[in-house]
Amino acid sequence: MPPMFRPRTRRRLSTVVLVTALVTALVVAAGLATAADPPTPGRHDEHSRFTDRSAGFPPQPRDATHVRAVPGDPATPATVRAEVTSDGAVGLALADPDVRDAAGERVEVVGVERVGDKGALPDASVVTLYGHEPAASVLATVADGRVVSVESIPAGEWQPPMTADERARAVEVSRDHWRAAGHDRVEVLEGYTIHALEPDGRPYPTRMAYTSFHVDVDSRPELVAWVDLTAGEVVRSRVEAPPQDGTGATPSPRRSAGEATEYRGHRDWHGWSLDFDLSGRDDGISLSSVTYEGIPVFDRVSMPAMTVFYDHPPGTQPEDTCGPFVDRLGLTGGLTPVYWADDAEVVIREFEQLGQSWLEFGILDTLGNYVLYQSWYLSADGQLDAHTFAKGLQCEFDHVHYPFWRFDVDLAGPADDVITRRLPSGELEVLDTEFDAPADSAVGHEWAVTDTVTGDTVHLAFDDGSWNVPGQVVPEELYATNVVSGRVVDSREQGTWRLPALVDLGYNDGASLDGADISLWYRGFLPHTAEEGPELWHSTGVRMQVELAPRYYPRRPR
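Bear in mind that the values here come from a model prediction, so they are computed numbers and not experimental data.

A. Highlighting the overall build of the protein. Across its full length, the protein holds five helices and 30 strands. Within the protein, buried positions represent 59% of all 558 residues. In the protein, 66% of the contacts between residues at least 6 apart in sequence involve partners at least 24 apart. Working note: accessible area of the protein is about 21,300 Å², and carbon and sulfur atoms make up 53% of it.

Structure below.
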């Protein structure tokens, strides 16, 4: 008989689901080891399920064997790419008189985003432009061979990521500035650019870039500057550190914006069936139409953004400290070949870890001086692990990265799903309205999304980096800084990140989650101190475990 719910002010799962969940928790707990000396969050050491410095960086799954690129159709990771279909949309947008009026003469073509099936126009593309003269971001929706809508957003409210050409331009403007100031050393330094934001996390009223110059990608910054790309000039600068010796690191090669190609493909693997894509949303590599054992689980999973906040030590002004930043990974700035995976631009590979088979998807992106690897790990027993790795030091201050993962959970379809958490009483509470809650507000980090008709469930498990297979139970203080959010799916959160740099997720209207199509968001916590330097890799993630209910009862027609 399908599990049901009792109509109470604080809703609780029925006895059937409660008993099932408790049994599952006991079974899982029996297979986990308690960490006697858990690792510091984000750092890779002997406790990590990823390799530490002694094995050579970057971190890799510990004890992994039979690591191999996945063959199939499309072929190898190095050649997995779809035909470029966005040129027509860009041409239509640039030829449209309303778009030209909104964007002006000095316009940057930032990218093209395909609207998902849940959009009002599922076959449409959104062309993103930035106009310097009106100082506005312009979104042109193209469908059926024509521009159907044009949206203009003031630059001070929202701006898209910077293109590779803009980043290169900012470096050259900065380099000229330092030459003129007599700093000849700038000639031998590598320049890096990241999109600059106001101290409160919102964009500047013009197109502003933050540039830093280092001996190499693994060295500390020596010279920094803020560049107004609209005016083509440096608005302020400072010497960050005295000349330093280099580490010998090779600057990460990148593709130019003109060469950026959408990656799309499909994989069937050990019960999983899914599409993957790397597109104009700049939400990293995402997975969509995800099913497990033939049952729909996720409509789309992605990492829309990672925000970064720096400390302001005594004696410094907020405007003189770099950051905050919004890291959006994807095609806009060009990809970085993954040097530990045969220079693939999209990593798709299998490996075994302690007897378990895993499938990995990943991309490497370089934003400013940050080197970021965003990945998904899927296991044959129904686990989906979201992870991000980061190294680099944009400036000499302690800072925190907050990655935001979005899980559009559609268990057996978009309806009838509820989000639950374990209460100290042992009961499971159903969250009725949109919410943001500390991850440790659920006892043992026991969060879940359950289909109330079928009983199918996705369990949420915190990952401090210490897991090997199947995992470790860690003290609550290691995930007290993480946040779980529940949202009703709407068009604002489906597309590219349209929020400033923030610590807490937006989109919370207090809407009812009862009977709605819901998404689960998870905000991680990744601290990095200046003392640790730019070479040390950090990482954090979150893991989902799919638990399918037995199919011995008739399903309700939808």
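After that view of the structure, there is still more to cover.
B. Molecular detail of the packing of aromatic side chains. The final tally for this structure, using the stated rule, is 21 aromatic pairs. Residues Phe-50 and Phe-389 carry aromatic rings whose centres are separated by 5.0 Å and whose planes lie at 90 degrees to one another, so their mutual orientation is edge-to-face. One end of the pair, Phe-50, is in the loop between strand S1 (33-34) and strand S2 (64-69); the other, Phe-389, is in strand S19 (residues 383-391), and 339 residues separate them in sequence. Each member of the pair, Phe-50 as well as Phe-389, carries the same accessibility label: buried. Here the aromatic rings of Tyr-507 and Trp-521 are separated by 6.2 Å at their centres, their planes lie at 40 degrees, and the arrangement is tilted. With Tyr-507 in the loop between helix H5 (491-494) and strand S28 (518-523) and Trp-521 in strand S28, this residue pair connects regions lying 14 residues apart in the sequence. For Trp-521, a relative accessible area of 2% gives the class buried.

C. A look at the pattern of salt bridges. In the structure shown here, the tally under the stated rule is 25 salt bridges. With a closest N to O distance of 2.5 Å, Glu-108 and Arg-169 form a salt bridge. Taken together, the positions of Glu-108 in strand S3 (residues 107-114) and Arg-169 in helix H4 (residues 164-180) put the pair 61 residues apart, joining distant regions of the chain. Across the salt bridge formed by Arg-185 and Glu-222, the nearest N and O atoms sit 2.7 Å from each other. Placement of the pair is Arg-185 in the loop between H4 and strand S7 (190-195) and Glu-222 in the loop between strand S8 (208-214) and strand S9 (223-228), with a sequence separation of 37 residues. On the basis of relative accessibility, which here comes to 29%, the residue Arg-185 falls in the partly exposed class. On the basis of relative accessible area, Glu-222 is assigned to the buried category, the value being 2%. One salt-bridge network, held together by shared partners, links Arg-49, Asp-385 and Arg-543.

D. View of the sheet that holds strand S5 (residues 136-143). With antiparallel pairing, the four strands of this open sheet are ordered in space as S3-S4-S5-S6. Both edges of this open sheet fall to S3 and strand S6 (146-154), since each of them pairs with a single strand only. Averaged over all adjacent pairs, the angle separating strand axes in this sheet is 20 degrees, with direction ignored. Pairing of strand S4 (residues 125-131) with S5, which is carried by seven bridges, proceeds in the antiparallel orientation. Paired with Ser-125 across the strands is Val-142, a residue of S5.

E. The nonpolar core, seen in detail. Counting residues in each nonpolar core, the largest one holds 70 residues, and the members touching the most others are Leu-287, Phe-298, Phe-361, Trp-376, Leu-384 and Phe-407. The element contributing the most residues to this core is strand S14 (residues 295-310), with seven residues. For Phe-361, the residues in contact, after removing those within four places along its chain, are Arg-267, Leu-274, Phe-276, Ile-285, Leu-287, Val-347, Ile-348, Gln-374, Ser-375, Trp-376 and Leu-378. Counting 16 residues, the second-largest nonpolar core is a separate cluster that includes Phe-50, Trp-340, Ala-341 and Trp-358.

F. Structural view of unusual backbone geometry. Look at the link from Phe-57 to Pro-58: it is a cis peptide, with omega at 10 degrees. Following the sequence through the fold, Pro-58 ends up in the loop between S1 and S2. Following Gly-323, the chain continues to Pro-324 via a peptide bond in cis, the omega torsion being 0 degrees. Checked against the element boundaries, Pro-324 lands in the loop between S14 and strand S15 (325-327). Residues other than glycine seldom take positive phi values, yet Asp-63 does so here, at roughly 60 degrees. With respect to the secondary-structure elements, Asp-63 resides in the loop between S1 and S2. On the basis of relative accessibility, which here comes to 47%, the residue Asp-63 falls in the partly exposed class. The phi dihedral of Asp-416 falls on the positive side, at around 70 degrees, and the residue is not glycine. Structurally, the position occupied by Asp-416 is in the loop between strand S20 (399-409) and strand S21 (417-422).

G. Local environment of the pairing of strand S24 (residues 447-451). Taken across its five residues, S24 has five buried, putting it largely inside the fold. As paired strands, S21 and S24 are joined by five bridges and run antiparallel to one another. Across the sheet, residue Arg-421 finds its bridge partner in S24, namely Trp-447. Sheet analysis places S24 next to strand S25 (residues 457-463), joined by four bridges and oriented antiparallel. Paired with Thr-450 across the bridge in S25 is Thr-457. As consecutive antiparallel partners, S24 and S25 are separated by five residues, and within that stretch Gly-455 has a phi angle of approximately 85 degrees, a positive value.

H. Expanded view of the side chain of Arg-300. Inspection of the secondary structure assignment puts Arg-300 in strand S14. Polar contacts involving the side chain of Arg-300 include one to the side chain of Ser-286, which spans 3.1 Å.

I. Summary view of the state of the cysteines. A complete count under the given rule lists one disulfide for this structure. With a sulfur-sulfur separation of 2.1 Å, Cys-322 is cross-linked through a disulfide to Cys-395. A torsion of -75 degrees about the S-S bond marks the disulfide between Cys-322 and Cys-395 as left-handed. Of the two residues, Cys-322 is situated in the loop between S14 and S15 and Cys-395 in the loop between S19 and S20; the sequence distance between them amounts to 73 residues. In this pair, the class of Cys-322 matches that of Cys-395, namely buried.

J. Summary view of a nonpolar patch on the surface. A contiguous nonpolar surface patch, about 190 Å² in accessible area, is contributed by Leu-94, Val-107 and Val-109. Of note, Val-107 is situated in strand S3.

K. Fine view of H4. Taking 1.5 Å of rise per residue, 17 residues should cover 24 Å, and H4 covers 25 Å from first to last C-alpha, within 8% of that figure. Among all positions of H4, only Ala-164, Glu-166, Arg-167, Ala-170, Val-171, Val-173, Ser-174, Arg-175 and Trp-178 are buried. Buried-residue contacts for H4 involve S3, S7, S8, S9, strand S10 (233-239) and strand S17 (356-367). Following H4 by one or two positions, Gly-182 has its phi on the positive side, about 90 degrees.

Calculation notes
- Residues numbered from 1 in each chain as written.
- Predicted model: local features only at pLDDT ≥ 70, side-chain atom pairs only at ≥ 80, totals over all residues.
- Heavy atoms only, no water.
- Helix = DSSP H or I, 4+ residues; strand = E, 2+ residues; numbered from the N terminus.
- Buried < 20%, exposed > 50% of the residue type's maximum accessible area, 1.4 Å probe, protein only.
- Contact = heavy atoms within 4.5 Å.
- Areas by Shrake-Rupley, 256 points an atom, 1.4 Å probe, with all protein chains shown as cover.
- Phe/Tyr/Trp six-rings, centres within 6.5 Å; stacked < 30°, edge-to-face > 60°.
- Salt bridge = Lys/Arg side-chain N within 4 Å of Asp/Glu carboxyl O.
- Pairing = 2+ DSSP bridges.
- Axes fitted to C-alpha atoms, helices over the stretch in contact; angles between N-to-C directions.
- Core = buried A, V, L, I, M, F, W, Y, C linked by side-chain atoms within 4.5 Å.
- Polar contact = N/O pair within 3.5 Å; in protein donor to acceptor, adjacent residues only side chain to side chain.
- Disulfide = S-S within 2.5 Å.
- Patch = residues over 30% accessible without salt bridge, like charges linked within 9 Å, V, L, I, M, F, W, Y side chains within 5 Å.
- Expected span 1.5 Å × (residues − 1).

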